[in-house]
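Chains, contacts and geometry: an overview
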Amino acid sequence: FAEVTLEGKKADDYEKFANAIHNIPEVVAGYRISGPYDYMLSLVCRDVQHYHALSEDMIYGNLGITKFIGHVALAQTKAFRGFPV
């Protein structure tokens, strides 16, 4: 998972980032959220080296990221099984 904060806070900045992550296959889900950062991403990488390369590409690419905090899932304690409706 990754917490992402963007440099700019204009609508164009959010749109640029959202469009960019659609073209990154390792980003399997993304949410624009409230709170101390702008996006929460769910990433799938084959190993730690792949994750490191992906995160560096995102940070140093032209996505407008000012802060990228990554988290590695150690175990899944509950799987998503659909909505309870």
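Our structure's up above, just so we're on the same page.
Let us now look at the environment of His22. Structurally, His22 is set in helix α1 (residues 11-22). Overall, the relative accessible area of 67% leaves His22 in the exposed class. Along the chain, His22 and Phe83 lie 61 residues apart, while their C-alpha atoms are 24 Å from each other.

Here the distance between the centres and the angle between the planes together describe a pair of aromatic rings. Counted under the stated rule, the structure contains three aromatic pairs. Geometrically, the ring pair formed by Tyr14 and Tyr39 is tilted, given 6.3 Å between the ring centres and 50 degrees between the ring planes. In this pair, Tyr14 is assigned in helix α1 and Tyr39 in strand β3 (residues 39-43), connecting sequence segments 25 residues apart. On the basis of relative accessibility, which here comes to 5%, the residue Tyr39 falls in the buried class. Judged by centre distance (4.6 Å) and plane angle (45 degrees), the rings of Phe17 and Tyr39 are tilted. One end of the pair, Phe17, is in helix α1; the other, Tyr39, is in strand β3, with 22 residues separating them in the sequence. Grouping residues by exposure puts Phe17 and Tyr39 together as buried. Clustering of aromatic rings is evident, with ring pairs tying together Tyr14, Phe17 and Tyr39. Above the ring of Tyr14, the side-chain terminus of Arg32 is found at 3.5 Å from the ring centroid.

How each quantity is defined
Residues numbered from 1 in each chain as written. Predicted model: local features only at pLDDT ≥ 70, side-chain atom pairs only at ≥ 80, totals over all residues. Heavy atoms only, no water. Helix = DSSP H or I, 4+ residues; strand = E, 2+ residues; numbered from the N terminus. Buried < 20%, exposed > 50% of the residue type's maximum accessible area, 1.4 Å probe, protein only. Phe/Tyr/Trp six-rings, centres within 6.5 Å; stacked < 30°, edge-to-face > 60°. Lys NZ or Arg CZ within 6 Å of the ring centre and 35° of its normal.

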